[in-house]
Amino acid sequence: MVDLRPHHLLDIVTSIGHGHDFTPHPYGHNVHVVASKTLAGIDWKARFVIGADEICRPCSHLGKDGLCNDVLRQVQPHLSKQHYNDSLDARLMACLGMKQGAEMTVREFLELINRHVPGIENICTHPGEAKSERLDGLAKGLSRLLKRGTMQGEIIQDV
Ligand code: SF4
């Protein structure tokens, strides 16, 4: 079972939609690993959490107390990333009707997100990012991931 913050997966889907490459980050976190796993298939199970996840696990900013010690530099004064992330993931889960610790496949999660597009960008757009850009990346990423993995004859909402 892979623990994931909901917004970390949404960030990956958005980056996929924008056609970005995933390479190891100087922080040492696992974004590139989880992105590769997602690109390879979406029928693996995840537990959605508000807290450190599989992406954070090897990150140099994850303290021994299990909390992120990084800050959001695009806002003044700088915001605690732990606080920002916890608040963002709590709002996402409330919007999606999910409980902390909910388990589902990535496909099920993306189908849930797909039913909130457009709209979810009002929650998951980060400071300094344009909502229209976030929506565009999300829609394209969802389309790519869901359509590619869809069984013949199954209908999904076009995004
Ligand atoms: S939330 Fe903090 S600990 Fe987790 S990957 Fe980002 S910077 Fe690292």
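Residues numbered from 1 in each chain as written. Predicted model: local features only at pLDDT ≥ 70, side-chain atom pairs only at ≥ 80, totals over all residues.

### Observations regarding the overall build of the protein chain
The helix and strand tally for the protein chain stands at 6 helices and 5 strands. Mapped from its N terminus to its C terminus, the protein chain presents α and β elements in the order β-α-α-β-β-β-α-β-α-α-α. For the protein chain, whose C-alpha radius of gyration is 15 Å, the value lies close to the compact-globule estimate of 15 Å for 159 residues. Its C-alpha atoms give the protein chain principal-axis dimensions of roughly 50 × 30 × 30 Å. Relative to its full complement of 159 residues, the protein chain shows a buried share of 30%. (Helix = DSSP H or I, 4+ residues; strand = E, 2+ residues; numbered from the N terminus. Rg over C-alpha atoms; globule rule 2.2 N^0.38 Å. Buried ≥ 20, exposed ≤ 12 C-beta atoms within 10 Å, placed from the backbone.)

### Some details on the pairing of strand β2 (residues 45–48)
Burial along β2 is one-sided: the residues A46 and F48 are buried and none of K45 and R47 is. Note that strand β1 (residues 2–4) and β2 share 3 bridges and pair parallel. Across the sheet, the residue bridging to V2 is A46, located in β2. Pairing between β2 and strand β5 (residues 102–105): 4 bridges, direction antiparallel. The residue bridging R47 from the neighbouring strand is E103, located in β5. (Pairing = 2+ DSSP bridges.)

### Some details on the site of the ligand
Around the ligand lies a shell formed by Y27, H29, I55, C56, C59, H61, L62, C68, D70, K81 and N85. Here the shell around the ligand is composed, by residue class, of 6 nonpolar, 3 polar and 2 charged. (Near = placed C-beta within 6 Å. Nonpolar A, V, L, I, M, F, W, Y, C, P; charged D, E, K, R; others polar.)

### Quick notes on the environment of C56
Looking at the secondary structure, you find C56 in the loop between β2 and β3 (71–72). In this structure, the C-alpha to C-alpha distance between C56 and L67, residues 11 residues apart in sequence, is 9.4 Å. Ignoring sequence-local partners within four residues, the contact set of C56 consists of H29, L62 and C68. (Contact = placed C-beta atoms within 7 Å.)

### A short note on the sheet that holds β2
Strand order in the open sheet formed by 3 strands is β1-β2-β5, and the pairing between neighbours is mixed. Of all strands in the sheet, those with a lone pairing partner are β1 and β5, marking the two edges. Each strand of the sheet is rotated relative to its neighbour by a mean of 35°, with strand direction disregarded. Running over the sheet, helix α4 (residues 106–114) touches β2 and β5 and is turned about 95° from β5. (Axes fitted to C-alpha atoms, helices over the stretch in contact; angles between N-to-C directions.)

### A closer look at helix α3 (residues 81–96)
The end-to-end C-alpha distance of α3, which contains 16 residues, comes to 22 Å, matching closely the 22 Å that a straight helix rising 1.5 Å per residue would cover. Along α3, the residues classified as buried are Q82, N85, D89, L92 and M93. One side of α3 carries all its buried residues, which in axial view fall inside an arc of 100°. As for α3, its buried residues are in contact with α1 (6–17), β2, β4 (79–80) and α5 (121–124). Looking one or two residues beyond α3, the residue adopting positive phi is G97, at roughly 70°. (Expected span 1.5 Å × (residues − 1). Arc of directions from axis to C-beta.)

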